[in-house]
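Structural description and commentary
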Amino acid sequence: MFNEIGAFIQKYYIDAVLEDQPYNIYLTITCAVLLLVTLYLLYRWVRANNIRVDTQLILASMPFVVFGGVLRVVEDTGCIPEPWWVLFVTPPIFFVVLLYTILILVLSRTLEKHGVVTSYTKPYFWVGVVSNLVCLAFLCWWGITQTELALWVAGCILVMASVAAILFWALIRYGFGWEYVTHPLYKILIFGQLLDASATSFALDLHPMHYIEQHVLGDALIQLTGTAFVMFPLKMAVLIPAIWILEMFRKEEGMDEIWHLVLLAMITVGFAPGVRDILRMVLFI
């Protein structure tokens, strides 16, 4: 029995991570459960440390959301040595970036308490920005010296994502009459998810290199329809009820902070993979 359990864990978890295989159903479900548990623990931690989870904090956290995708591409270059590279593949990298983010948040909060800064969100935000710039500088050097630096790829995907996001936002704002989607976090959520759809579509159908879809549902729909552009209607079909449910949840008394955390998680699972995919295609890796 124990041998069977060990073989199961080895095949569907350890090998899947170490060999960077497409997500299997077991790993997908496990990651979803871990995400929910992490959100709960994060909520308890910020409450215990008297940190208010509001729009200002989420906006200040955006550089760290992007950083997760950028750092993942640093590992894609193959420059991180054994055994440390294991920490920078999916899903371990989510927890590495989360711990780094919490560390910077604690340090920034400490600076505020000691009167060094007027608001902890300022150093917190700028450390995230600098972290991205350092990694991007390395990736630019890598592209110039080792592979390619096809910035036109990023331009195409950003245009695709922007057009799709504007059209979808206009549909739910004016077609459905949802005035609450003018909130900046809903706008970021929509753009992040459609950025992911744009990157996936471009990677599988338009990019010169051969990429694969790693997620179970996405891969099944692509195989069924024969095109990765099916990701656009998929994302929109998920976003419409998700945004409606989020807004109903937001109206419940005492749920404002949890609403912000859930939105942050949803933004992250769109933005971070989208950023990673774009940079990989820019660098042809």
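Residues numbered from 1 in each chain as written. Predicted model: local features only at pLDDT ≥ 70, side-chain atom pairs only at ≥ 80, totals over all residues. Heavy atoms only, no water.

In the annotation of an unreviewed UniProt entry, the entry for the protein reads DUF63 family protein, and the organism field reads Methanocorpusculum vombati.

The positions that UniProt labels "transmembrane region" (unreviewed entry) are, in the present scheme, residues 23-43, 55-74, 86-111, 123-144, 150-172, 184-204, 224-246 and 258-275. End C-alpha to end C-alpha, residues 55-74 measures 30 Å, and it is 100% helix and 0% strand. Along residues 150-172 one finds 96% helix and 0% strand; the C-alpha atoms at either end are 34 Å apart. (UniProt positions renumbered as here; feature names shortened; annotations may be inferred. Helix = DSSP H or I, 4+ residues; strand = E, 2+ residues; numbered from the N terminus.)

The next thing to look at is a nonpolar patch on the surface. A cluster of nonpolar side chains, namely Ile5, Phe8, Ile9, Ile25, Tyr26, Ile29, Val33, Val37, Tyr40 and Leu41, defines an oily patch on the protein surface of about 880 Å² accessible area. When residues of the nonpolar patch are assigned to their parent elements, the largest contribution, seven residues, is made by helix α2 (residues 25-48). Checked against the element boundaries, Ile29 lands in helix α2. (Patch = residues over 30% accessible without salt bridge, like charges linked within 9 Å, V, L, I, M, F, W, Y side chains within 5 Å. Areas by Shrake-Rupley, 256 points an atom, 1.4 Å probe, with all protein chains shown as cover. Salt bridge = Lys/Arg side-chain N within 4 Å of Asp/Glu carboxyl O.)

Moving on to the packing of aromatic side chains. Ring pairs (aromatic) are described by centroid distance and by the angle formed between their planes. Summed over all chains, the structure comprises 15 aromatic pairs. When the centroid spacing of 5.8 Å and the interplanar angle of 35 degrees are considered together, the rings of Phe138 and Trp141 count as tilted. Of the two residues, Phe138 and Trp141 both sit in helix α5 (residues 121-145), three residues apart, roughly one turn of that helix. Among the aromatic residues, ring-to-ring pairing joins Phe176, Trp178, Tyr180, Tyr186 and Trp259 into one connected group. In this structure, Arg250 packs its charged tip against the face of Trp259, placed 4.5 Å from the ring centre. (Phe/Tyr/Trp six-rings, centres within 6.5 Å; stacked < 30°, edge-to-face > 60°. Lys NZ or Arg CZ within 6 Å of the ring centre and 35° of its normal.)

Let us look at the packing of helix α3 (residues 55-76) against α5. It is at 9 Å that the axes of α3 and α5 come closest, and there the two elements cross at 20 degrees. On the basis of the axis angle, α3 is roughly parallel to α5. Crossing handedness for the pair α3 and α5: left-handed. Of the residues belonging to the contact of α3 with α5, the class tally is 19 nonpolar, six polar and no charged. (Axes fitted to C-alpha atoms, helices over the stretch in contact; angles between N-to-C directions. Parallel < 35°, antiparallel > 145°, perpendicular 65-115°, else oblique. Left-handed = near helix turned anticlockwise from the far one by under 90°. Nonpolar A, V, L, I, M, F, W, Y, C, P; charged D, E, K, R; others polar.)

Once that is clear, we can look at the environment of Leu239. Mapped onto the elements of the fold, Leu239 is located in helix α9 (residues 231-250). Leu239 sits 42 residues away from Met281 along the chain, and the two C-alpha atoms are 26 Å apart. Beyond its immediate stretch of four places on either side in the chain, Leu239 contacts Phe168, Leu189, Ile190 and Gln193. (Contact = heavy atoms within 4.5 Å.)

Within the secondary structure, Pro83 is located in the loop between α3 and α4 (92-113). The spacing of Pro83 and Pro233 is 150 residues in sequence and 40 Å in space, taken between C-alpha atoms.

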